[in-house]
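Results of the structural survey
Each chain, written out:
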Amino acid sequence: MYYLGIDLGSSSIKVALVKSDTGEEVTVVQEPEEEMSMYAEYSGWAEQDPEIWWNHVCKGIQRIKTTQNIDAKDIIGVGIAYQMHGLVVVDKEGNPLRKSIIWCDSRAVDIGSKAYHDIGETKCDGHLLNSPANFTASKLAWVKRNEPDVFAKVDKFMLPGDYIAFRLSNIINSTVSGLSEGVFWDFKTDTISQDVLAYYDIPEAIVPELVPTFGTQSTVSTLGAQQSGLAEGTPILYRAGDQPNNALALNVFNVGEIAATGGTSGVVYAITDNLSVKETARVNNFAHVNYGENNQKNIGKLLCVNGAGIQYRWLLNNLSVSSYDEMNTLADTVEIGANGVQIIPFGNGAERMLDNKEVGTRILNLNLNRHSKAHLCRAALEGIAFAFVYGIEIMKSDGIKATVMKAGNDNLFRSALFSNAIATLTGQDIEIYNTTGAIGAARACAIPEKGYDTFSSFMEHDYIKTYHPTEHKTDYQKAYEKWKHELESIIN
């Protein structure tokens, strides 16, 4: 018997199959093999067609069944992860009324900023734990104000993962974690935020019904079975946004644990039960997947570092090097601090953690007679690592008490130099695991029946290594303080 995991990203959809008794990975497929397109009618817009998502989900499921030669009845549960903060609106028949406005669309920034001021910053911080900003609620308000004919037909709004669950089951629902990422949740009253609904004049009737994050949320319908290839009655047992799900995939559930990713952009996602916030302009706060269980109020604090892997990739593309491995080898030949060369790696647009400033990438102290591409490689890895440390300092000022950091065995965290720098400066171990979001979503199906201990046991074979703080704390601290001084002289 198997569990199936669906990870709906903005570039592709991954579908994973794991054995239900051991959590062992069977296969992961990606649809489409090239990146999905986005629609951008105007600057700052980003939309995708939910029907295309569904078609790729169905293709992925069919590929797995065919390549693994398994029967639909052998898949006994489905878990769904998805790109956060998106908006899907449907009519009474469940037909999308427009393309989905996805996470990286910025059209609602001004609407959310005004709401933060008008509702009241203190009330938003205390009840929503966020500014309404450019999240789902503000995007829905944009539709109401700019496309009134569309809004008049809206029967329900959904997040992207809710839509996939709906197409499987013909039932529309969502979770507390999901609605909190859309900034619809009041953490003081533990209900849908009446302040947000009233301010945006959104009728509560179009809010999806709430279901638990873990457990039978719905089952595959006759039509869902015909289109997807799953068996009718297969339960949907789990759903969460991609960052809470990445944390789950790394077994990050408890206060003090941090999940990190180091791809094109970087993410630090830390668990806390402290509802007091003071960095809502730079850090987001959402209900974690186990929020509300046993009266726990576990919050996932999310900080994004836009200038992460994209900086290292730019160097790869513009230096005479053949691979990241070669760059890492070159970097290892240079001492800590890169002989004075520093790279400020924020060349990927405005950085929320820097108060939405566009700092750009800056290469400092480069001496054309003494420095080589090895120094640039070292300075880039250190600069990105220092950006992570700077972000973690912001999170600690916002109440995070870190105990351990966990990361997947991909991208930047494959570099010992990068990981050692962060571990040494934060004084925290970094545990590396070989897992993915789609596998995590599949394994999460075990939690309703078998509990968290079984889920944890699934990861025993995923452990790769632990990076411990090194004996070079003083050298790293000196290099970091110099880097931090340069950064703050730029942004202040």
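Below: a short report on this structure. (Residues numbered from 1 in each chain as written. Predicted model: local features only at pLDDT ≥ 70, side-chain atom pairs only at ≥ 80, totals over all residues. Heavy atoms only, no water.)

**Let's talk about the sheet that holds strand 14 (residues 235-241)**
Paired through backbone hydrogen bonds, the strands of a sheet run either parallel or antiparallel to each other. Put simply, the rule reads: Strands are labelled as partners when DSSP assigns at least two bridges between them. A helix here means a DSSP run of H or I that spans at least four residues, while a strand means a run of E at least two residues long, and both kinds are numbered starting from the N terminus. Axis lines are fitted through C-alpha atoms, for helices just across the contact stretch, and the angle between N-to-C directions can take any value from 0 to 180 degrees. Contact between two residues is taken to exist if any of their heavy atoms lie within 4.5 Å; hydrogens are not considered.
Strand order in the open sheet formed by six strands is 3-2-1-5-14-13, and the pairing between neighbours is mixed. In the strand order of this sheet, the two ends are held by strand 3 (25-31) and strand 13 (214-219), each with one partner. The average undirected angle you get between the axes of adjacent strands in this sheet is 25°. One ladder, built from three bridges, connects strand 13 with strand 14; its direction is antiparallel. Following the sheet pairing, T219 is matched in strand 14 by P235. Against the sheet, helix 1 (residues 50-68) makes contact with strand 1 (2-8), strand 2 (13-19) and strand 3, and its axis sits at roughly 140° relative to strand 3, the strand it touches most. The strands that helix 6 (residues 160-169) touches are strand 1, strand 5 (75-82), strand 13 and strand 14; relative to strand 5, the one it contacts most, it runs at about 150°.

**Observations concerning unusual backbone geometry**
A cis amide bond, omega -15°, links E31 with the succeeding residue P32. With respect to the secondary-structure elements, P32 resides in the loop between strand 3 and strand 4 (47-48). The phi torsion at N294 lies on the positive side, around 50°, for a residue other than glycine. Looking at the element boundaries, N294 is found in the loop between strand 17 (284-287) and strand 18 (299-305). Despite not being glycine, N339 has its phi angle at roughly 55°, a positive value.

**Details of helix 14 (residues 416-426)**
To be explicit about the condition: Burial classes: relative accessible area under 20% of the type maximum marks a residue as buried, over 50% as exposed, and values in between as partly exposed (1.4 Å probe, protein chains only).
With respect to burial, helix 14 is a largely interior element, nine of its eleven residues being buried. Along helix 14, the positions that sit buried rather than exposed are L417, F418, S419, A421, I422, A423, T424, L425 and T426. On its buried side, helix 14 packs onto helix 12 (324-332), helix 13 (373-397), strand 21 (404-408), strand 22 (430-433), strand 23 (463-467) and helix 17 (473-491).

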